[in-house]
Amino acid sequence: MELYKENQLKIYNSLSKKKEDFKPITDGYVGMYVCGPTVYSNAHLGNVRTFMFFDVVYRYLLHLGYKVRYVRNITDAGHLENDADEGEDKIARKARLEQIEPMEVVQRYTVDFHDVLKNYNFLPPSIEPTATGHIVEQIEMIKEIIEKGFAYEVNGSVYFDVHEYNKNENYGILSGRKVEDLLNNTRTLDGQTDKKNPQDFALWKKADEKHIMRWPSPWSDGFPGWHLECSVMSTKYLGESFDIHGGGMDLKFPHHECEIAQSKTCSGVTPVNYWMHTNMLSLNGQRMAKSTGNFILPNEILSGENNILPKPFSASVVRFFNMQANYRSILDFSGDALEASEKGHAKLMEAVNFLEKVEAGKISTFDVKNWKKSCYAAMNDDLNTPILISHLFEAVKVINQIKEQKASLIAADLLDLKTTINGFVFDVLGLMNENSQDNSEKIKGVVELLIKLRKEARENKDWALSDQIRDELIALGIQLKDGKDGTSFSIN
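Parameters and conventions
- Residues numbered from 1 in each chain as written.
- Predicted model: local features only at pLDDT ≥ 70, side-chain atom pairs only at ≥ 80, totals over all residues.
- Heavy atoms only, no water.
- Helix = DSSP H or I, 4+ residues; strand = E, 2+ residues; numbered from the N terminus.
- Buried < 20%, exposed > 50% of the residue type's maximum accessible area, 1.4 Å probe, protein only.
- UniProt positions renumbered as here; feature names shortened; annotations may be inferred.

### Digging into the environment of Leu309
- Its location among the elements puts Leu309 in the loop between helix H9 (298–303) and helix H10 (315–323).
- By relative accessible area, which is 9% here, Leu309 ends up buried.
- Residues Leu309 and Tyr12, spaced 297 residues apart in sequence, show a C-alpha to C-alpha distance of 34 Å.

Below, the structure is given as structure tokens:
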């Protein structure tokens, strides 16, 4: 039986502002959409925190036995410098400053994004669509919104009419903002005179003469508004209504609010059942952000090439650090915090590695079944990774007691403990057993050194030493194989 049938997952829904039982639209299947990066620069660690959490959501849903279609987009056009639909396209600006093609910018930073996720052991999404790959669909959605009377064209640009939508719907249902308050708090900006109301947002922008990225449309040569792509791609790949939509809390307004308005206008149904938002990562007590220069890049942590940390840290330690805080709370990044996580990570991996060598005893001194229930209860409670980790360290304590011959487990409990701890540590949290990898490299180096010494002994006709090296390696389970290209080895 699939694990999801005996584990009721609860999710904090940003829409209802409370935890709710997770019930997918189709039993056994989950559709999840997460807003991906705008690829105009390197993703910093604050960005990666959001993607890392949803990697864990994806992993846990798979662990429970759900069939998951996970869609995470790439924004490669249409994201302007501010939310007032003014300013330059971020990618086009980068291309202009560096005097290269916009798609060179896109390619460079998409490759970097993928490299970072690979280094940090992310599972790839089921589909990773791009904004530029869905221009036709975006134009069609705009046409539909205009036909339904919720958008208007002015001077080649098309805007969504928030006031018209708000007559029968609630623009602000997700963020809790009211249109009246938005009106009072809106400054008049140059270029906003085309809009009927300051709260209206762009579905299509007419490109000026200098704008490089442009496509033909019924209204003008231009480009789609940033909010539109997610409505289009989530609908195309997950349907008019799907299960989970995720992103950073900074996207709740206006981006996700606009998505709801666009999608509901076209379909007439609530587009998303569960909205999930991660909180920010801070550095030196301030929000991590490119705009302020207060950030660190993920690969700088691995290399140690930064002015913030005392030394390099592994990707698995950074994952572990991120999972020690609830995703809805602010997490402060520092060298001290990473060093503490590194020590905890090492203890966890040491215990996991030792557990593989443990042999069954005659009695069980630890209630594995109850402990296992606690682990699942933590993850079922809105994916509470810090509580899960605390339970994992309860098992670490027991493993260390077994090491000191102060505890034991019968065969069935030992197998259950091994399967459960490995499942949560590696499959769900996505941690990596780097100690094991390091040891493998060390073993390889030692064996290669012995092979070199054996070769020298044979060249010196010291057959006794040559045979001794070979025989002692065999006794350790390491088999040498001599061939015309030299000596290779295998570990039995």
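Once the structure has been displayed, the description carries forward.
### Examining the UniProt feature "short sequence motif: 'HIGH' region" (unreviewed entry) in the protein
- Per the UniProt record, the feature "short sequence motif: 'HIGH' region" (unreviewed entry) sits at residues 37–47.
- Within the segment residues 37–47, helix and strand shares are 27% and 0% respectively, and the terminal C-alpha atoms sit 8 Å apart.

### Re unusual backbone geometry
- Cis peptide bonds are those with omega within 30 degrees of zero, and the linkage from Phe253 to Pro254 qualifies with 5°.
- Tracing the sequence through the fold places Pro254 in helix H8 (residues 252–267).
- Notably, Lys17 is not glycine yet its phi reads approximately 65°, a positive angle.
- Secondary-structure assignment places Lys17 in the loop between strand S1 (10–13) and strand S2 (18–21).
- According to the relative accessible area criterion, Lys17 is partly exposed, its value standing at 41%.
- Look at Asp382: it is not a glycine, yet its phi comes out positive at around 60°.
- Note that Asp382 resides in the loop between helix H12 (368–380) and helix H13 (385–403).

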